[in-house]
Amino acid sequence: MTAAFLLAAVVLLGTGSVASAAARTFRAGLAVQAAGAALVGAAGFWALAAGTTAGSAFSSSFTPHFGIDGLTAFFLGMLGLVAAPTLAFASRYLDADLRGRLTACLTGAFVLTLAEVLCARDPLTFLAGWELMTLLPAALILIGRSDDAARHSVFLYIAVTHLAGAGTWIAILLAAHAGVLDGTHVLARGSGLQIAIALAALAGMGTKAGVMPLHSWLPRAHPIAPAPVSALMSGVMIKVAIYGLVRVLVDWLGVLPLWFGVLVLALGALSAVGGVVYALFQHDLKRLLAFHSIENVGIIVLGLGACLLLRARGADMWAALALAAALLHTLNHAVFKSLLFLGAGAFERAVGSLELDRLGGLLRRMPWTGGAFLVGSLAIAGVPPLNGFASEWLTLQALVHVPFYGGLGDGLAGAIALAALAATAALAVFCFVKVVGLVLLGPPRRPSVADATEVAVPMRAAVVGLAAVCVLLGVVPGLLIASLARLAPWPVAMQTTLALHLPGTGSLPTIGIAIVLGVLGSAFFLLRGRRVAAPAPTWVCGQLVQPQLAWTSAGFTKPLRLVLEAVLRPQREIAVRTAGGVVQEVSYSGRVPHLIEERLYAPIVRSGLVAARHARRLQTGRLGTYVGYLIALVLVLLAAAKAGVIG
Amino acid sequence: MSAASFVSATVELVGGLLLAPLLPGLVQHWKARLQGRRGPSPLQPYRELRRLWGKSAVDPAGSGIVYRWAPAVVASSLAAAVLLVPVAGRASGLGIGRDMLVLAGLLALARFAVTAASWDVANGFSLMGASRDLTIAVSTEATLALALVVGALVSGTTSLTGMVAGTAGTGVWSNPALALGAAAFALVVVAETGRQPIDNPDTHLELTMIHEGPLLEYAGRDLAFLQWAAAVRHWVVLVLAAQIFLPHTRSVWGQLAVLPFALVVLCAALALMETLSAKMRILLAPRLLALGGVAALLGVASWLVQLT
């Protein structure tokens, strides 16, 4: 049944892709693609709820196998939930010119590739899909933009994901070789092979997910893609990497040693705090959103780390809940991040550039898109009663329960991670107050923003639909929690309830909170009455309100920049030009450098270039030397064979 | 519903929703006395609320829906926080659970609303206060979470009622974990109530405002909601301080009977603190709060060491 649905969806996606490549059937093709994606989502959630598995199980052989189980079904559901509105949005966002048609066609292929990675049941299919999943967005970016900056970013994206991505190959091939894929063999806890697979997966899949410090491709590649592609990359592609991590670390490797869980927690905390801190100091909306993806992947990885630690301590129930927290945040982030990227795309369509300091007042001019963007901002900031809060609450609970069950070392790690997540939540509020303020509120900061008008209906419908999902997942997250906890490979007894009533907590009755906030809020608003004094200008201590007085992104975040000065090392230059003792001109420039790139990447790149220069000496261009190399190689191999090292 | 839980629910609602303005009133009253002034009566906040209730609201030119809704959102999230924070160890839930982490979420919602509203009116002074408030909130929230984790570890649950019951007795004197948690929570109390040395509630200079800054444009009932919400914030954190981090009895009736005195003592302590300390440099406040977070971490560590 599910398999039939999926096959139909694949056919729809395929024909839609082909149709959207032709100018006459461009929009119809994208609509068919969206229908196919919706079918994928429905089939995924259906299979998750019913607990059905279909197709073959994992095998270590090299013949293609496909199948679905609970974890795959959940991620397929997420893919469909995000891709359907995204493709509907793309039908109006993209023009029917050659670029637009190619983008539409490849976007459908991208969705199919993501589904293929999720359904792959043998190493080769998985790895092929994994590589295609990296290359297709690169092609999509280059179709849209071919300037030098974009090409450089794409080069970096491919270089970083391939260098570190080798870890994925090592992990999958080692796991296949060890026979853990089909469950014929269980690795001993703490054995060298288990650790090697785990570390390789963490490096390879962590890079693809954007875990710090391997994230540097993400804030480069995500912002320059067309909005629907950005939404799919941030919303789903990095989540497929999370799928890989869960599959390897939780599903295949059995119980991992404590220190590995602490390592995962540390990486998660670094990504969460680092991602949001650097997001705060961005001045371009899409780049800011890309840094927020790093933050949210950090939160997901924190849940995963808590799961590994709790499992190592034998707290199976809370380990499963920690896994559920990570998966729920994965879904929530997919929904609100694609909403925010699509909203950004709509704004870009309406006003041109997305430089934060030059927007403003869009909530009034584009009420539908702006309202949905506001809901998405509240959701990503993690405030009740929206979905971001529910999954952050569950992740925090999982982290609180790490010291409950742990010893000194892992308990303290859990407590520190908890503090990091709490600080991250506060920083996310800071960041999205800034975004909402600069984009949606206040006076428009340039003429084209003042004349902005609402975008086409399908684009509006896509963002409003995603905003509705944000509210729905915030009000009834309990519907998913039990099925997500049951995805853990160890037995878990959990009932499906609407609210989150969990032992050892004060429970999160999401419906009750939503009702209390809604009813009281409306009551207070009605009590405010209609008596309003005549409109007065804003109070700025008696000055006239002038556009020059408008606050900027840099101004709003300055206190934090100063507080974190010792860590962030911001650079600022003030040049004052005086003539005849009178100041003629003051110029100011400030920026927050990306420390990980300057301290970690730059030395590696430099030494790599130096090594390449030395290696170039080997390449003389003279035939005799090359023959010499070959003879030397043969001699070395013969000597090695003689000594019994090889052969 | 037993008599004890009925009475505690009543105390919680009446105290949190109606009597909360007494708390800042008491602090101001005693502060004046300590500074050698006669000062306003403790009922002054009620008089201010009544006066504001009769005045008309002001919508500055260019303000929109976010500005207009913010006071209602702030008031409703603080009212929800009252429903969340129990006054005794066996109070039954009031529909929104009793979880400590939900409290952090509700406070974040209030902060989001009021700081976004200052972008809506695009007032530079409001935004100055808002950005400082948000900066300080980062370390406040981390410290709040860690301090509450200490209480949760000691009582084995993150439910606030469970924590009130689980920390009963005089453990705070003998147990280093609770003592360190109490020290951290004291800093959270000062930050959340906007008192010196973090913030100065009496300031009338826009340049130095933190919590007051985003309120600059509001008038009439809007301002009444926001001031009431600030008073409720006092209630929420002081009740938590009294029932988790101060010694309290095990019996529910005893807890209810002692609570008013504990609140009075805490208000007096805040007044004394306000008198003795000057406002610190804004950029140093996060460090002070982070110090509290480190203290709470040491508390967690000491509890984990005790177990092993």
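No experiment lies behind these values; they were computed from the predicted model shown.

Residues and elements named next belong to chain B. Within the secondary structure, Glu12 sits in helix α1 (residues 3–19). Along the chain, Glu12 and Leu256 lie 244 residues apart, while their C-alpha atoms are 9.8 Å from each other. Aside from chain neighbours lying at most four places away, what touches Glu12 is Val82, Pro86, Val87 and Ala91.

Taken domain by domain, chain A comprises domain 1 (257–514) and domain 2 (617–647). Computed over C-alpha atoms, the centres of domain 1 of chain A and domain 2 of chain A are 56 Å apart.

Now for the pairing of strand β4 (residues 571–579) of chain A. Residues and elements named next belong to chain A. Burial analysis of β4 places just zero of its nine residues in the buried class, a small minority of the element. In this structure, β4 lies alongside strand β5 (residues 582–591), joined through nine bridges in antiparallel fashion. Paired with Ala575 across the bridge in β5 is Ser587. Where β4 hands over to β5, the hairpin turn is made up of two residues, of which Gly580 adopts a positive phi near 65°.

Before going further, it helps to examine unusual backbone geometry. Trans peptide bonds make up most of the peptide bonds, and negative phi angles are found at most residues other than glycine. For the bond from Met212 of chain A to Pro213 of chain A, the omega torsion is 0°, close enough to zero to count as cis. Its place among the elements puts Pro213 of chain A in the loop between α7 (192–209) and α8 (218–224). Cis geometry is adopted by the peptide bond preceding Pro197 of chain B, which originates at Gln196 of chain B and carries an omega value of 5°. Residue position: Pro197 of chain B is located in the loop between α9 (176–192) and α10 (220–245). The backbone of Arg569 of chain A shows a phi angle near 50°, a positive value even though the residue is not glycine. Relative to the helices and strands, Arg569 of chain A resides in the loop between α23 (565–568) and β4. A residue is classified by how many C-beta atoms lie within 10 Å of it, and Arg569 of chain A, with 12 of them, is exposed.

The rules we used
Residues numbered from 1 in each chain as written. Chains lettered and ligands numbered in written order. Predicted model: local features only at pLDDT ≥ 70, side-chain atom pairs only at ≥ 80, totals over all residues. Helix = DSSP H or I, 4+ residues; strand = E, 2+ residues; numbered from the N terminus. Contact = placed C-beta atoms within 7 Å. Domains from an automatic or database assignment. Buried ≥ 20, exposed ≤ 12 C-beta atoms within 10 Å, placed from the backbone. Pairing = 2+ DSSP bridges.

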